[in-house]
Amino acid sequence: MLSVQTDTRLSIFEGLQVEELWTASRQLGFPTALWRLPHKNEIQLLISIQEGIRKCQPELEKLSPGFVMSNFHWETDEEVLFLEGDIILTFSEASQIKDIKNKVGEEHPEIIRLVNLASQIAKEDHSQANNDAIAIPELPDLDARARFERTVELAVSAIRRNQFKKVVLSRTKDLPYCEKFQPAKAFCKLAKVYPHAFVSLVNLPDRNEMWLGASPEALVRQDSAGTFRTMSLAGTQNARNEVGELIPKFDMRWGEKEIEEQALVSRYIVECFKKIRLREYTETGPKTVLAGNLYHLRTDFEVDTSSLNFPELASVMLKLLHPTSAVCGVPKLPSLKFLTDIEGYDRSFYSGFLGPAQVGGDTNLFVNLRTVRFKEGKATFFAGAGITEDSIPEREWEETEMKCDTLLKVIAQEF
């Protein structure tokens, strides 16, 4: 009897694929989030039918199931964007619907519109839809390179004057994309190519923009059993040699600059624990980890909040950690002021945080890295590099190029 009821409950969505439902939701103007957690096969699709996007305080343990998104310049007393989980569909690796949480009911007129439009989209031919979707220029932008390398020089000079120890400078790379581009198809490809990352696609209709990303860095994670996790991630090297072969982890050699950069981030997390007098944590690492076409150094931190009777730890640490020294600098305030003054653009949601909250009792927020914004025919790629006293401007530019290519080489290809 239970299986029959479950089949009946799912029947209105039967046979529909994630790409069709995403596209239909976007065309109907619903705020939508699509994601795949690291090392998982399941894909989850969240659609806000009734309230759209609202703002709230990120008291994570008190939220209803939904999706959180915050920009980089977020103060601890500010609200964040929240997409209410009116519908949350879970798809298997074979793209079959495994589970659905539906707050509004299948008879709701907007649900019927959604399913009908998705069914119509399923019948259309999209075989040529992604050809040449993003135009890659043949010549590099020399002005952009010169500007970025100059900011690196200024940062190194400031570090040598003891203004701060490290600062993370970022830049953008704008490329045109055509109307044929299918973001959900790009998401599915990223999810396959980067199994170690948090892959996400978020539609924000009130801003007329979408954000696609494959982030390697967890900010705060807390599961239904009460286990809290965070990580320090810093240091970057190309994971492939000149002929495109993957370099084995044990062959990687990390320099003093990368080791110190990663140690600064780890010390920052420990200092946050000290601020709340939390000593009962485990620290593992640093170790070399693969993220797309790059290697990084990572240290993992874990806390049993159940034994400490500290269910709100994720919310507390979120306010202490963001922005981490991996996306801002050390010390936080002077490095934040420097990058805000010198970068010359608004980071928006890049290097902010995003992810599902209280979905299945689990909260998983990640730093919004390796990301691209689609808006009004322009794809804006974002990338940053940690600057220390030993930084070389030319190498920092090359690092940002590698990070942009993490996404670009995947989603610019024909599908």
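All of the points below concern the structure found in this document. (Residues numbered from 1 in each chain as written. Predicted model: local features only at pLDDT ≥ 70, side-chain atom pairs only at ≥ 80, totals over all residues. Heavy atoms only, no water.)

1. Brief notes about the side chain of Asp300
Structurally, Asp300 can be placed in strand β14 (residues 294-304). The contact partners of Asp300, leaving out residues within four places of it in the chain, are Thr230, Met231, Thr282, Glu283, Thr284 and Lys287. (Helix = DSSP H or I, 4+ residues; strand = E, 2+ residues; numbered from the N terminus. Contact = heavy atoms within 4.5 Å.)

2. Looking at empty space enclosed by the protein
Applying the stated rule across the entire model yields two cavities of 30 Å³ or more. In this structure, the largest cavity spans a volume of roughly 220 Å³. Mapped by element, the contributors of at least two residues to the lining of the largest cavity are β8 (166-176), β12 (227-238), β19 (378-387) and α10 (393-411). The greatest single-element share of the lining of the largest cavity, amounting to five residues, is contributed by β19. Of the volumes computed, that of the second largest cavity is approximately 40 Å³. Lining the second largest cavity are Tyr194, Ala197, Ala214, Pro216, Ala291, Gly292, Arg370 and Thr406. Class assignment for the residues of the lining of the second largest cavity results in five nonpolar, two polar and one charged. (1 Å grid on protein atoms, 1.4 Å probe; cavity = no way out; pocket = protein on both sides within 12 Å on 5 of 7 lines; lining within 4 Å. Points joined across faces, edges and corners; volume = space filled by probe spheres on them. Nonpolar A, V, L, I, M, F, W, Y, C, P; charged D, E, K, R; others polar.)

3. A closer look at the pattern of salt bridges
In this structure the tally under the stated criterion is 26 salt bridges. Residues Glu396 and Lys257 are paired through a salt bridge, measuring 3.2 Å at the closest nitrogen-oxygen approach. Separated by 139 residues along the polypeptide, Glu396 in helix α10 and Lys257 in helix α6 (residues 256-275) bring together distant segments of the chain. (Salt bridge = Lys/Arg side-chain N within 4 Å of Asp/Glu carboxyl O.)

4. Remarks on the sheet that holds strand β5 (residues 80-84)
Strand order in the open sheet formed by nine strands is β3-β5-β4-β16-β17-β11-β12-β14-β13, with antiparallel pairing between adjacent strands. Strands at the two margins of the open sheet, each flanked by one partner only, are β3 (53-56) and β13 (282-291). On average, adjacent strands in this sheet sit at an angle of 20° to one another, irrespective of strand direction. As defined by bridge partners, strand β16 (residues 353-357) adjoins strand β17 (residues 363-367) across two bridges and the pair is classed as antiparallel. By the bridge assignment for β17, Phe353 is matched with Val367. Contacts from helix α8 (residues 313-321) reach β11 (218-222), β12, β14, β16 and β17, with the element oriented near 170° to β11. Those strands touched by α10 are β12 and β14, and its axis lies near 120° from that of β12. (Pairing = 2+ DSSP bridges. Axes fitted to C-alpha atoms, helices over the stretch in contact; angles between N-to-C directions.)

5. Observations regarding the packing of helix α5 (residues 183-193) against α10
The interhelical angle for the contact between α5 and α10, taken along N-to-C directions, is 120°, at an axis separation of 9 Å. When the axes of α5 and α10 are compared, the pair comes out oblique. Between α5 and α10 lies a crossing whose hand is right-handed. Contacts between α5 and α10 involve Ala186, Lys189, Leu190 and Val193 on the former and, on the latter, Leu407, Val410 and Ile411. Residue classes in the contact of α5 with α10 are distributed as six nonpolar, no polar and one charged. (Parallel < 35°, antiparallel > 145°, perpendicular 65-115°, else oblique. Left-handed = near helix turned anticlockwise from the far one by under 90°.)

6. A look at the pairing of strand β10 (residues 209-215)
Among the seven residues in β10, seven count as buried, and that is most of the element. Between strand β9 (residues 198-204) and β10, which pair antiparallel in sequence order, lie four residues; one of them, Asn208, sits at a positive phi of approximately 55°. Bridge analysis of β10 against strand β18 (residues 371-375) gives four bridges, and the strand direction is antiparallel. Its bridge partner lying in β18, Gly213 is registered against Thr371. (Buried < 20%, exposed > 50% of the residue type's maximum accessible area, 1.4 Å probe, protein only.)

7. Quick look at the nonpolar core
Membership of the largest hydrophobic core comes to 71 residues, with the highest contact counts inside it found for Phe67, Leu169, Val220 and Ile387. Element by element, the count of residues in this core is highest for helix α4 (residues 142-160), at seven residues. Core analysis: the next-biggest nonpolar cluster, separate from the first, contains 51 residues, Ile97, Val104, Val199 and Leu212 among them. (Core = buried A, V, L, I, M, F, W, Y, C linked by side-chain atoms within 4.5 Å.)

8. Some words on the packing of aromatic side chains
One pass over the full model with this rule turns up 15 aromatic pairs. Both rings, one in Tyr281 and one in Phe301, keep their centres 6.2 Å apart while their planes meet at 50°; by these two values the pair is tilted. Placement of Tyr281 in the loop between α6 and β13 and of Phe301 in strand β14 is noted, with a sequence separation of 20 residues between them. A relative accessible area of 1% means that Phe301 is categorised as buried. Aromatic rings pair up to connect Trp211, Tyr345, Phe349, Tyr350 and Phe382 into one cluster. When the ring centre of Trp397 is taken as origin, the NZ or CZ atom of Arg171, which lies over that ring, is 3.8 Å away. (Phe/Tyr/Trp six-rings, centres within 6.5 Å; stacked < 30°, edge-to-face > 60°. Lys NZ or Arg CZ within 6 Å of the ring centre and 35° of its normal.)

9. Let's talk about the packing of α4 against α10
Packed helices, taken two at a time, are described by their axes: the angle between them and the distance between them. Here α4 crosses α10 at 120°, and the two axes come no closer than 9 Å. In terms of their interaxial angle, α4 and α10 are classed as oblique. Of the two possible hands of crossing, α4 and α10 adopt the one that is right-handed. Along the contact surface, α4 presents Ala144, Arg145, Phe148, Glu149, Val152 and Glu153, while α10 presents Pro393, Glu394, Glu396, Trp397, Glu398 and Thr400. Of the residues in the contact of α4 with α10, the class split is five nonpolar, one polar and six charged.

10. Some points on the pairing of strand β2 (residues 43-47)
Residues in a regular strand project their side chains so that they alternate between the two faces of the sheet. Among the five residues of β2, five are classified as buried, and the element is accordingly described as predominantly covered. Burial of the side chains of β2 extends over both faces: Ile43, Leu45 and Ile47 are buried on one face and Gln44 and Leu46 on the other. Of the pairings in the sheet, the one linking strand β1 (residues 32-36) to β2 comprises four bridges and is antiparallel in character. Paired with Trp35 across the bridge in β2 is Gln44. Note that β2 and strand β6 (residues 87-91) share five bridges and pair antiparallel. Across the sheet, residue Ile43 finds its bridge partner in β6, namely Phe91.

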